[in-house]
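Residue-level listing of the chains:
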Amino acid sequence: MKSFFNAIGNLFRKPVTTPFPAAPTYIPDDYRGLIVFEESLCIWCRKCEMACPPGAIVFSQDIETGKQEYHYSPYVCIYCQECVRACPAPGALLQSAEPGHPGLKEQNLNNGWNKLFDDALESRAAYAAEKKRKQAEEKAKKEAEAKAAAAKANEDNKPTDQV
Ligand code: SF4
Ligand code: SF4
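Reference entry: report on the structure contained in this document.

About the criteria used
- Residues numbered from 1 in each chain as written.
- Chains lettered and ligands numbered in written order.
- Predicted model: local features only at pLDDT ≥ 70, side-chain atom pairs only at ≥ 80, totals over all residues.
- Heavy atoms only, no water.
- Helix = DSSP H or I, 4+ residues; strand = E, 2+ residues; numbered from the N terminus.
- Buried < 20%, exposed > 50% of the residue type's maximum accessible area, 1.4 Å probe, protein only.
- Contact = heavy atoms within 4.5 Å.
- Near = heavy atom within 4 Å.
- Nonpolar A, V, L, I, M, F, W, Y, C, P; charged D, E, K, R; others polar.
- Patch = residues over 30% accessible without salt bridge, like charges linked within 9 Å, V, L, I, M, F, W, Y side chains within 5 Å.
- Areas by Shrake-Rupley, 256 points an atom, 1.4 Å probe, with all protein chains shown as cover.
- Salt bridge = Lys/Arg side-chain N within 4 Å of Asp/Glu carboxyl O.
- Phe/Tyr/Trp six-rings, centres within 6.5 Å; stacked < 30°, edge-to-face > 60°.

Focus on the overall build of the protein chain
Right, on to step 1. Across its full length, the protein chain carries 4 helices and 4 strands.
Right, on to step 2. Traced from its N-terminal end to its C-terminal end, the protein chain shows the element sequence α-β-α-β-β-α-β-α.
Right, on to step 3. A buried classification covers 23% of the 163 residues belonging to the protein chain.
Right, on to step 4. Restricting the contact set of the protein chain to residue pairs at least 6 apart, pairs at least 24 apart contribute 71%.

This is the structure we're talking about:
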């Protein structure tokens, strides 16, 4: 009988749950939100990428200039904060308390991310190969110049025929 009256009473009581997403939900103080990157403070060590368990961070590299670019997928991220802990540059990487982010809609979904990730690694390999090629070219050029200079010095030091 008690249950019956409880059930009837519940019909007139307010719900105890939050009607999210119609109304804002409660966010605890230590909420682990999206990762926020501050390019001006980054030292480009890539420790965050190495620390990230699911591969939600990757850096691509320009083949000509060597400039790196940071990429992050909120869909791959498991919000573990390992990247923030691994980052040696204060303020370069933070975990926001914001559950939403203005750039979220423009981010790639998983399939797009996988391609972006592979392309980024490829760009770094291409940059490393190009750097190696340029170094070898520079070395060969210097060797050729040294060889030419030595040959010229040899030529200049040759004794001239006495008249
Ligand atoms: S919070 Fe965890 S999963 Fe997300 S980017 Fe950082 S290390 Fe990767
Ligand atoms: S760990 Fe920090 S400083 Fe290093 S690349 Fe990542 S964001 Fe930049």
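Back to the write-up after that little detour.
Points about the site of ligand 1
Right, on to step 1. Around ligand 1, the structure places 14 residues, and the nearest of them are Cys52, Cys77, Cys80, Gln81 and Cys83.
Right, on to step 2. By residue class, the composition of the shell around ligand 1 is 12 nonpolar, 1 polar and 1 charged.

With respect to the site of ligand 2
Right, on to step 1. Taken together, Phe37, Cys42, Ile43, Trp44, Cys45, Arg46, Lys47, Cys48, Phe59, Cys87, Pro88 and Ala89 make up all the residues around ligand 2.
Right, on to step 2. Its residues assigned to classes, the shell around ligand 2 comprises 10 nonpolar, no polar and 2 charged.

Thoughts on a nonpolar patch on the surface
Right, on to step 1. Side chains of Met1, Phe4, Phe5, Ile8, Leu11 and Phe12 sit close together on the surface and give an oily, nonpolar patch of about 780 Å² of accessible area.
Right, on to step 2. Exposure remark for leucine 11: the relative accessible area of 64% places this residue in the exposed category.

Description of the packing of aromatic side chains
Right, on to step 1. Per the stated rule, a full pass over the model turns up 6 aromatic pairs.
Right, on to step 2. An angle of 15° between the planes, with centres 3.9 Å apart, marks the rings of phenylalanine 37 and tyrosine 70 as stacked. Remark: tyrosine 70 occurs in strand β3 (residues 68-72) and phenylalanine 37 occurs in strand β1 (residues 35-37); sequence separation between them is 33 residues.

Describing the pattern of salt bridges
Right, on to step 1. If you walk through the whole model with that rule in mind, you get 8 salt bridges.
Right, on to step 2. As a salt-bridge pair, glutamate 39 and lysine 67 come within 3.2 Å of each other at their nearest N and O atoms. Of this pair, glutamate 39 sits in the loop between β1 and α2 (47-51) while lysine 67 is found in the loop between β2 (57-61) and β3, placing the two residues 28 residues apart along the sequence.
Right, on to step 3. We classify glutamate 39 as partly exposed; its relative accessible area is 41%.
Right, on to step 4. Of the charged contacts in the structure, one is a salt bridge between lysine 134 and glutamate 64, with a shortest N-O distance of 3.8 Å. Here glutamate 64 lies in the loop between β2 and β3 and lysine 134 lies in helix α4 (residues 110-156), a separation of 70 residues in the sequence.
Right, on to step 5. Lysine 134 sits in the partly exposed class, given a relative accessible area of 35%.

Treat this as a map of the structure, not an account of what it does.
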